[in-house]
Every structure is written in structure tokens, then in C-alpha cells.
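Descriptive structure summary
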Amino acid sequence: MRVNRTQGLVLGFFAFVWVSLVVILMTAPEIYDQALRMSAGGHRAFEIAFLAAISAFIALLSVGTVRRWRWTFWLIFVAFIFGLLRVPASILQLIGLLRAQGPVWYTLFQAALGLVQFAIALAMLAGYRRNGVWGSFGSPE
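These lines cover the structure that appears in this document, whether it is placed above or below. Along each chain, residues carry numbers from 1 onward, in the same order as the chain's sequence is written. Since the coordinates come from a predicted model, pLDDT governs what is reported: local features require at least 70, and pairs of side-chain atoms require 80 or more to be given and counted, while whole-chain, interface and lining totals use all residues. Note that water and hydrogens are dropped before the side-chain values are worked out from all heavy atoms of the structure.

1. Considering the overall build of the protein
- Along the protein, the regular secondary structure elements total six helices and zero strands.
- Numbered from the N terminus, helices here are DSSP runs of H or I no shorter than four residues, and strands are runs of E no shorter than two. Secondary structure elements of the protein, listed N to C terminal, follow the sequence α-α-α-α-α-α.
- Considering only C-alpha atoms, the protein reaches an extent of 50 × 35 × 20 Å along its principal axes.
- Under the scheme applied here, a residue whose accessible area is under 20% of the maximum for its type counts as buried, over 50% as exposed, and between as partly exposed, the area being computed with a 1.4 Å probe on protein chains only. When each of the 141 residues of the protein is scored for burial, the buried share is 36%.
- By definition, residues are in contact when any of their heavy atoms lie within 4.5 Å. For the protein, the proportion of contacts with a sequence separation of at least 24, taken over those separated by at least 6, is 64%.

Structure representation (C-alpha cells):
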């Protein structure tokens, strides 16, 4: 199976997110501690298990993307559309109206991921309108 532009965007995003998760675990494990609501330190095995579970989910979605499974298209599309909500949530965290989920750089990173997710969702929608589920947003296939 050939991967089109839409699938490539989704797969590239998944790869970037996975690498980001690994880098965050290695350089700032307190982010995991806070997200998993654990006391600081001493939970490395649990953090690695969590990363393994997330990795398995990303792998499943990646297989579904390559194989053009309809349910993965809609699941990813809905999740990515709602990624836009990360932007106002991040703004509210930065101005102090919501409790921050990490340092400022992490809040800004979450907002940027949300914008990228939303842009990919729009590309997925364009591809769907042009060529159906997992259709390319570019020229016809």
C-alpha cells in the first residue's frame, strides 16, 4: 500500500509525538509525575509502562492509518479537531485561570500540538471531501 499525503501527515505527527514523549520522559520526568498524579521520583517503572501503553496505542493507530481503516480515520479526525481546544486551555493556564499542567514551555508545546492537530484534521477533511476516507488532500489519487 502506498501512503498518501494525508496518511503521511498523520504518521509524521504520530512519530513526532512519540519522540516528544520519550524526550520528555528522559529530560523532564516530573511532567509524567504531574500528569499521572504521582509523587515526585521513584516511579520510573510505572512511567515506562505508561510510555509502552501509549506507544502501543500510537502503533495501533499507525497501522490503521497505513491500512486505511475507516474507524481509525474518524477517531483520529475527531481527536484532532478537538485538539484546537488545547489552545484556549493553554492560554487559560498561562494567565492563571486554570491550574498549569507543567512548566510554561510544556503549556506552549501543548498549544502548538493542538494547532498542528487541527491543521491536520482540516487536511483530513479536505481529503475526505475529495477522495473519501483516507483520501489525499492534494491532487486526486
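Still to come is the rest of the account.
2. Re the packing of helix H1 (residues 5–27) against helix H3 (residues 44–66)
- Here H1 crosses H3 at 175°, and the two axes come no closer than 10 Å. Between H1 and H3, the angle falls in the class roughly antiparallel. Two secondary-structure elements touch here, H1 through Gln7, Val10, Leu11, Phe14, Val17, Trp18, Leu21, Val22, Leu25 and Met26 and H3 through Arg44, Glu47, Ile48, Leu51, Ile54, Ser55, Ile58, Leu61, Ser62, Thr65 and Val66.
- Looking at the contact of H1 with H3 residue by residue, the class counts come to 15 nonpolar, four polar and two charged. An axis is simply a line fitted to the C-alpha atoms; with a helix, the fit covers only the stretch in contact. Between two such axes, the angle follows the N-to-C directions and lies from 0 to 180 degrees. Orientation categories follow fixed angle ranges, with anything under 35 degrees roughly parallel, anything over 145 roughly antiparallel, 65 to 115 roughly perpendicular, and all other angles oblique. Each residue gets one of three labels, nonpolar for Ala, Val, Leu, Ile, Met, Phe, Trp, Tyr, Cys and Pro, charged for Asp, Glu, Lys and Arg, and polar for the others, Gly among them.

3. Brief notes about a nonpolar patch on the surface
- There is a patch of nonpolar side chains on the surface, built from Ile91, Leu92, Leu94, Ile95, Leu97, Leu98, Val104 and Leu108 and spanning about 740 Å² of accessible area.
- Breaking the nonpolar patch down by element, the ones donating at least two residues are helix H5 (86–94) and helix H6 (104–131).
- The biggest single contributor to the nonpolar patch is H5, with three residues.
- By the secondary structure assignment, isoleucine 91 is in helix H5. Within the patch definition used here, like charges are joined within 9 Å and nonpolar side chains (Val, Leu, Ile, Met, Phe, Trp, Tyr) within 5 Å, considering only residues with over 30% relative accessible area and no salt bridge. The Shrake-Rupley method, run with a 1.4 Å probe sphere, supplies the accessible areas, and residue values consider only the shown protein chains as cover. Every case where a carboxyl oxygen of Asp or Glu lies within 4 Å of a side-chain nitrogen of Lys or Arg is listed as a salt bridge.

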